[in-house]
Every structure is written in C-alpha cells, then in structure tokens.
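Structural overview for review
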Amino acid sequence: MPRPGEEEYEAAYQLGEILGENGFSVCTGGYQGIMDAVSKGVVEKGQEAIGITVNIFGAKVSEHLTKNVECNSLFERIEKLISYGDAFIILRGGTGTLLELSVLWEMINKNLLNEKLVACHGEMWEPILNTVDERMRFEGRKHGMIFHSNKIEECAEYIISKQASF
C-alpha cells in the first residue's frame, strides 16, 4: 500500500489537490493508500471526500473522509462507486481496481449507463486499455472511450476540461 512520500501516494494527493482547487469532490473506496491520499488532497482544498466502503475487508477507513457510505457486499460497493461518480480517474491498483474499471467500461459499452468520462493514470493501464480497445474495435463496439496518461495532471485536466461539456 502506497504511503506518504512514495510516488503513487504523492501523485494521488496531487490529484486530490487539483480536483479540489477546481471545485470537484471525490468518491473513493474509502481506505488507506492512494484512496486516503486523494481524499486528503481534496479535503484540504475545501471539497468533499466520500468513501464507499464494505465491511468485509477489515481495513482502516481514511480519516480524511467527509462521508462514509458503508456497503454490505463487494458488488453493492462497485454499484455505488459507479453511481456516485460523474467522471472517473482510475489510479494504479490491483484486481479490485481492474474489476471496478471493467464493470464501468462494460456498463458504458452496453448502454446500461450514460457515457461518463474515464481517465486511467499510469503505465500499467496502457497494455490493458490497448488490448481491450483493439478487441472492441474488432467486434465493432464502442472504442477509444478511455483517456490514458502517465501524468496525473493530464488525467485531471482531461476530466476538468471536458466535464462541463459532457
């Protein structure tokens, strides 16, 4: 789990600051590491940090949350994360983050959800996005829906600049 001073934590904190400075609140999984960093950054800029937590993890909830929405299952948590978000910036993570991105992507692709802005930050996402996008292009489905950058500022700017017109 990324800690203060480490690159992943600091990038997430910077993201929270940028979003907060631009009047955005955030919604995260509500725990430590990069979720805590984003929440800290946005709250320090006077905006809300909503956590969507699930009691099965037994993990420590971020102290920077202004609101905590407790869920009873992982699937309820994913549903709430997607429904609360107007736009999404996916940071580096593990299988849970991949699951959340996949569900969001599929719901948009199947028109089960209005299209929302999605940006992915970090090198780990590039091969995944390219592989899935290539397959969707092959199948004649929506593609090119997700912005990718290795720079946190570019991910934030993508959401900030396009949100008003979306």
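Overview of the structure. (Residues numbered from 1 in each chain as written. Predicted model: local features only at pLDDT ≥ 70, side-chain atom pairs only at ≥ 80, totals over all residues. Heavy atoms only, no water.)

Take the overall build of the protein chain next. In terms of helices and strands, the protein chain carries six helices and six strands. Each helix and strand of the protein chain, ordered N terminal to C terminal, gives the series α-β-α-β-β-α-β-α-β-α-β-α. Over its C-alpha trace the protein chain gives a radius of gyration of 15 Å, about what one expects of a compact globule, namely 15 Å for 166 residues. For the protein chain, the spread of C-alpha atoms along the three principal axes comes to 45 × 35 × 30 Å. Burial status across the protein chain gives 42% buried among its 166 residues. Of all intrachain contacts in the protein chain linking residues separated by at least 6 positions in sequence, the fraction that spans at least 24 positions is 60%. Summed over its atoms, the accessible surface of the protein chain is roughly 8900 Å², and 50% of this surface lies on carbon and sulfur atoms. (Helix = DSSP H or I, 4+ residues; strand = E, 2+ residues; numbered from the N terminus. Rg over C-alpha atoms; globule rule 2.2 N^0.38 Å. Buried < 20%, exposed > 50% of the residue type's maximum accessible area, 1.4 Å probe, protein only. Contact = heavy atoms within 4.5 Å. Areas by Shrake-Rupley, 256 points an atom, 1.4 Å probe, with all protein chains shown as cover.)

Two numbers describe a pair of aromatic rings. These are the distance of the centres and the angle of the planes. A full pass over the atoms with the stated rule returns one aromatic pair. Between the aromatic rings of F147 and Y158, the centroid separation amounts to 4.5 Å while the plane-to-plane angle is 5°, which identifies the pairing as stacked. Of the two residues, F147 is situated in strand β6 (residues 146-149) and Y158 in helix α6 (residues 152-163); the sequence distance between them amounts to 11 residues. Given the relative accessible area of 16%, Y158 is considered buried. (Phe/Tyr/Trp six-rings, centres within 6.5 Å; stacked < 30°, edge-to-face > 60°.)

Below, the discussion takes up helix α3 (residues 74-84). Taken as a whole, α3 has its buried residues at R77, I78, L81 and I82. Along the axis of α3, the buried positions cluster into a sector of 125°, meaning they face one direction only. For α3, the exposed residues lying more than 90 degrees away from the buried face are F75 and E79. Structurally, α3 contributes buried residues whose contacts are with β1 (26-28), α2 (34-44), β2 (49-54), β3 (67-71), β4 (87-90) and α4 (95-109). (Arc of directions from axis to C-beta.)

Note on placement: N109 falls in helix α4. Take N109: its relative accessible area is 8%, and that puts it in the buried class. Within the structure, the side chain of N109 is placed 3.2 Å from the backbone oxygen of K142, a separation counted as a polar contact. In this structure, N109 is in contact with M136, R141, K142 and M145, ignoring residues within four places of it in sequence. (Polar contact = N/O pair within 3.5 Å; in protein donor to acceptor, adjacent residues only side chain to side chain.)

Let's shift gears to the pattern of salt bridges. One pass over the structure, following the stated rule, counts eight salt bridges. Where R77 meets E100, a salt bridge forms, and the shortest distance between an N and an O atom there is 3.9 Å. One end of the pair, R77, is in helix α3; the other, E100, is in helix α4, and 23 residues separate them in sequence. In this structure, R141 engages E139 in a salt bridge whose closest nitrogen and oxygen atoms are separated by 2.8 Å. Given a relative accessible area of 24%, R141 falls into the partly exposed group. Through salt bridges that share partners, E106, K110, R135, E139 and R141 make up one connected network. (Salt bridge = Lys/Arg side-chain N within 4 Å of Asp/Glu carboxyl O.)

Function-wise, these values are silent; they only describe arrangement.
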